[in-house]
Amino acid sequence: MESTRCSTVLIVEDDRAFRTRFEAILGSDSSFQVVGSVDTLALGMQAIAQTALDALVVDLGLPDGDGTALIRAATSLQPQCAVMVVTVFGDEEHVVNAIEAGAIGYLLKDSSSAEMTAGLRDLLNGGSPISPMVARLILSRMRVPAAASNSLLNPLSDPSVGLSEREAEVLTLVAKGFSFAEICDLLSITVNTVKTHVNRTYRKLGVSSRGQAVHEATRLGLIEM
């Protein structure tokens, strides 16, 4: 039987009331361990350089810089760290920049406490929690002509990127928010097989995160939502 452990989480948020509330919410759940709670980009950079993390929860509008810089640093220094943005910014520029930097989840601050906790748990289980309004924006931006987006029927629609049918199928389920465990059940394959397909997809698309993979594959018409 596998032993369980707390998932280590760093919170980077300059709104004291929000940060304190979110820290208290996670602190009351034994599956999470808040290993840092800071309010600036500089302190966030220091924390990710010193502490092993399972998840980073970050705002984008920090007093000394843009939170996307921290997302890039975390993705580079700690590839295993899943990044979730929690912010008031729901516009296209902020959303796309965060995803391209490596964010996997994107929740707006009007989400309830329960939604944020569930979102973080989903993130750590291989999902991509996204607020409905943000998901609509992403889908509208990424929509491509039907002739180009035949995804699973023709996963080789872009000659420079050859996703297999199963790779495209797995990535489509990831894009729709299914966790690795749920994908295992749906496709009757093991977790290691799911991870293998995802990692191969990363290499073929030249990306390093689920958010980037979904973004690029949708742009190329290799998957459809």
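Participant: How should the overall build of the protein be read in this particular structure?
Facilitator: Helix and strand counts for the protein come out as 10 helices and seven strands. Sorting the 225 residues of the protein into buried and exposed places 51% on the buried side. At a minimum sequence separation of 6, the contacts of the protein that also span at least 24 residues come to 66%.

Participant: Would you explain the sheet that holds strand β6 (residues 82-87) in this entry?
Facilitator: Strand pairing in a sheet is mediated by backbone hydrogen bonds. Such pairs are either parallel or antiparallel. Taking strand neighbours across the sheet as the criterion, the five strands line up as β2-β1-β3-β6-β7 in an open arrangement whose pairing is parallel. Of all the strands in the sheet, the pair left with one neighbour each is β2 (32-38) and β7 (105-108). Taken pair by pair, the neighbouring strands of this sheet meet at an average axis angle of 20 degrees, ignoring direction. Where strand β1 (residues 7-12) and strand β3 (residues 55-58) come together, four bridges link them in parallel fashion. Each residue of the ladder has a partner; that of valine 9, found in β3, is alanine 55. Here helix α2 (residues 41-50) sits on the sheet and contacts β1 and β2; the angle it forms with β1, its principal contact strand, is near 160 degrees. Here helix α5 (residues 113-124) sits on the sheet in contact with β1, β2, β3, β6 and β7, set at roughly 160 degrees to β6.

Participant: Is there a simple way to think about the packing of aromatic side chains in this case?
Facilitator: For any pair of aromatic rings, the description consists of the separation of the ring centres together with the inter-plane angle of the planes. A full pass over the atoms with the stated rule returns one aromatic pair. Considering the side-chain rings of phenylalanine 18 and phenylalanine 22, the 6.1 Å spacing of their centres and the 20 degrees angle between planes classify their relative orientation as stacked. Highlighted residues: phenylalanine 18 and phenylalanine 22, both in helix α1 (residues 16-27), separated by four residues, approximately one helical turn. Take phenylalanine 18 and phenylalanine 22: they sit in the same class, and that class is buried. Over the ring of phenylalanine 18 we find lysine 109; its NZ or CZ atom is 4.9 Å from the centre of that ring.

What counts as what
Residues numbered from 1 in each chain as written. Predicted model: local features only at pLDDT ≥ 70, side-chain atom pairs only at ≥ 80, totals over all residues. Heavy atoms only, no water. Helix = DSSP H or I, 4+ residues; strand = E, 2+ residues; numbered from the N terminus. Buried < 20%, exposed > 50% of the residue type's maximum accessible area, 1.4 Å probe, protein only. Contact = heavy atoms within 4.5 Å. Pairing = 2+ DSSP bridges. Axes fitted to C-alpha atoms, helices over the stretch in contact; angles between N-to-C directions. Phe/Tyr/Trp six-rings, centres within 6.5 Å; stacked < 30°, edge-to-face > 60°. Lys NZ or Arg CZ within 6 Å of the ring centre and 35° of its normal.

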